[in-house]
Amino acid sequence: MTRPQLSISAALALVLAPACGDDTGAATANMASNVNVTDDEPEGGLTEDESDSVGTTTAEPEPFVPVPAVGGIELEWVEANQGIGVAIGRDGAGVGGADRTSYLLQNRLTLVRAFWKKLPEDWVPRQIEARLIISGYPEGEKVLTSKAVVEGESFVGNLEKSFYWGLMPAEVIPGLKYRIELWETEKGWAQIDPSTQPGKNPPNLPLSGNTFIGIEDSYQIMKVTIVPYNYNFGECKTTPDTSAEQMKRFENYMFMMNPIEKLEITMHEPIDWQGELTNFGQLNQFMVDLRQQDGAPPEQYYFGYVDVCSGGLGGAGGQAIDIPSGASKSDAWKRISSGLSLPGNPEYAAETFVHEVGHSQGRYHIACSGEAGTDNTYPIPGGDIGEWGFGIVNFKLYHPTVHKDYMTYCHPVWASTFGWNKVYPTIQQLSSWDMDGAPAPEDDGAILLGMVYPDGTESWVTTPGAVDEANLSAVQNVEFFAGGEQLAVHAAEVRPQPDSDVVNIVVRLPEGFDDVTQIARVADGKRTVTKAEHIKISHKYRSLPLTNK
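Parameters at a glance
Residues numbered from 1 in each chain as written. Predicted model: local features only at pLDDT ≥ 70, side-chain atom pairs only at ≥ 80, totals over all residues. Heavy atoms only, no water. Helix = DSSP H or I, 4+ residues; strand = E, 2+ residues; numbered from the N terminus. Contact = heavy atoms within 4.5 Å. Phe/Tyr/Trp six-rings, centres within 6.5 Å; stacked < 30°, edge-to-face > 60°. Lys NZ or Arg CZ within 6 Å of the ring centre and 35° of its normal. Disulfide = S-S within 2.5 Å. Buried < 20%, exposed > 50% of the residue type's maximum accessible area, 1.4 Å probe, protein only.

Peer 1: Give a detailed account of the environment of Asp405, specifying residues and quantitative values.
Peer 2: By secondary structure assignment, the location of Asp405 is in strand β20 (residues 404-405). It is 7.5 Å that separates the C-alpha atoms of Asp405 and Gly419, two residues lying 14 residues apart in sequence. Discounting residues that sit within four places of it in the chain, Asp405 has contacts with Arg363, Ile366, Tyr378, Gly383, Ile385, Val413, Trp414, Ser416 and Gly419.

See the structure below:
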């Protein structure tokens, strides 16, 4: 089945190329057809005498019949881009799974591009048609066409310097195979000697047959609850920017920069916060209890959103409560973070949203501008994303050295292949819980979560969860007392919060915790006592049954 370019192609032509900057050129807006109309008659047409002399038996010119592109043009490589580029063809063949740089998801808009090799010296610049032939659809083969004036080197940063096609989400399914063929156009054929010979290799990729696009049989979903805080302290009485425009910006940034097919954002009822905020930890610990009261499933992320009449809170624009390692249902409490709403800078707030939830997905900072707690395995110096990105919502290209990984403090940001691959398995695991309908963490018991602030104050909350037995401190513990009797002593995990001087203390709740009257945190020989009535009890909010699925 042959069909014309979808509306995505016209949109790409209008939006994508100009976004690349002046040095990358601009695309033509007319991508649906390339009709070359010529008129060799003199102005006004033939006179009567001339018509008589010509006669009426002149034969019609033979219609143009397309032929495979001649002159030695060959395709060098083919890329599929859903946010980051993945080579799917190179050196005359497909790129197998073991040699792929990342994953391609089903049901996600995909830009496919093909790039030509260095042209022969005697190449005549002209229009060439590329046909992307896709098999594997239930209704049969599809053929998509793209025309480009082939002149000079092909370039990934310029739409006009490549052939391109847009696949809508419903067209991106597992099992698809493709081949690309280059053909002469009537317009281009008129510019060359008809005796021009073909190259030594056919102008196809792969050179023969077809090869897999490599779409995963995936189910990648993210669920995020945004909790807006109405802040009231002193002269600062604010509500965060939850306008439709800003929430759409949040949605677009998160969706474009994560390997997902579906994003569910839920707006929580606003929370009235009376009193001073000095640290994001206050909001985050509040949401440990809130998510339990809400009966949130373990795959749900919570993000607090507040305007504190300042460009920072505790020296930060946002903060996650912790950075989980891997994907465990018992780490549901770690999928909590917060960020600022900054009037006049909506992009910063949206980027902070992606950054802080990135911590909740298990990502550390990437070094670019003095960040602490960096992931030293990041392969590209300075936090560069390293290759061209593509926005599947705004149809923009993102420069490999101008844009930095979104886990840096630099700007502008985009997703890197490294980051994409880091969060993919986490999203995959959390999405499997959504498929199972798992409502709560594994029944691994409950924990006592303490936050020790820079001024020495402490706050404590219980929540379902588990400690990392391999990460317990040898010098810090928590003593539990029932009346005057010591009930238990448990070693603690000591976990500094990202972007903060606040330290998390995590211990397993002992048997008989309901009888506890006070606890004592012991560190460096010093005991800090907290009465039981000052501990927020959240581990009992289990309105839905537990599951070990």
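Peer 1: Explain the packing of aromatic side chains to me, using residue names and the numbers behind them.
Peer 2: Summed over all chains, the structure comprises 17 aromatic pairs. With a centroid separation of 6.5 Å and 35 degrees between ring planes, the pair formed by Phe303 and Tyr305 is classed as tilted. Taken together through their ring pairs, the aromatic side chains of Phe250, Phe303, Tyr305 and Phe353 make up a single cluster. In this structure, Arg126 packs its charged tip against the face of Trp123, placed 4.0 Å from the ring centre.

Peer 1: Give me the state of the cysteines: which residues, what numbers.
Peer 2: The tally for this structure, following the rule as stated, stands at 2 disulfides. The disulfide bridge from Cys236 ends at Cys309, spanning 2.1 Å between sulfur atoms. Disulfide Cys236 to Cys309: torsion about the S-S bond roughly 90 degrees, handedness right-handed. A residue pair is termed long-range when its members are at least 10 positions apart, and Cys236 in strand β12 (residues 236-238) and Cys309 in the loop between β15 (300-306) and β16 (318-320) qualify at 73 residues. Look at Cys236 and you get buried, because its relative accessible area is 8%. For Cys309, a relative accessible area of 49% gives the class partly exposed. The disulfide partner of Cys368 is Cys410, and the gap between their sulfur atoms is 1.8 Å. On the sign convention where negative is left-handed, the bridge of Cys368 and Cys410, at about -100 degrees about the S-S bond, is left-handed. One end of the pair, Cys368, is in the loop between α6 (346-360) and β18 (389-390); the other, Cys410, is in the loop between β20 and β21 (413-414), with 42 residues separating them in the sequence. Residue Cys410 is classed as buried on the basis of its relative accessible area, which comes to 16%. In the protein, the bonded cysteines, taken in the order they occur along the sequence, pair up as 1-2, 3-4.

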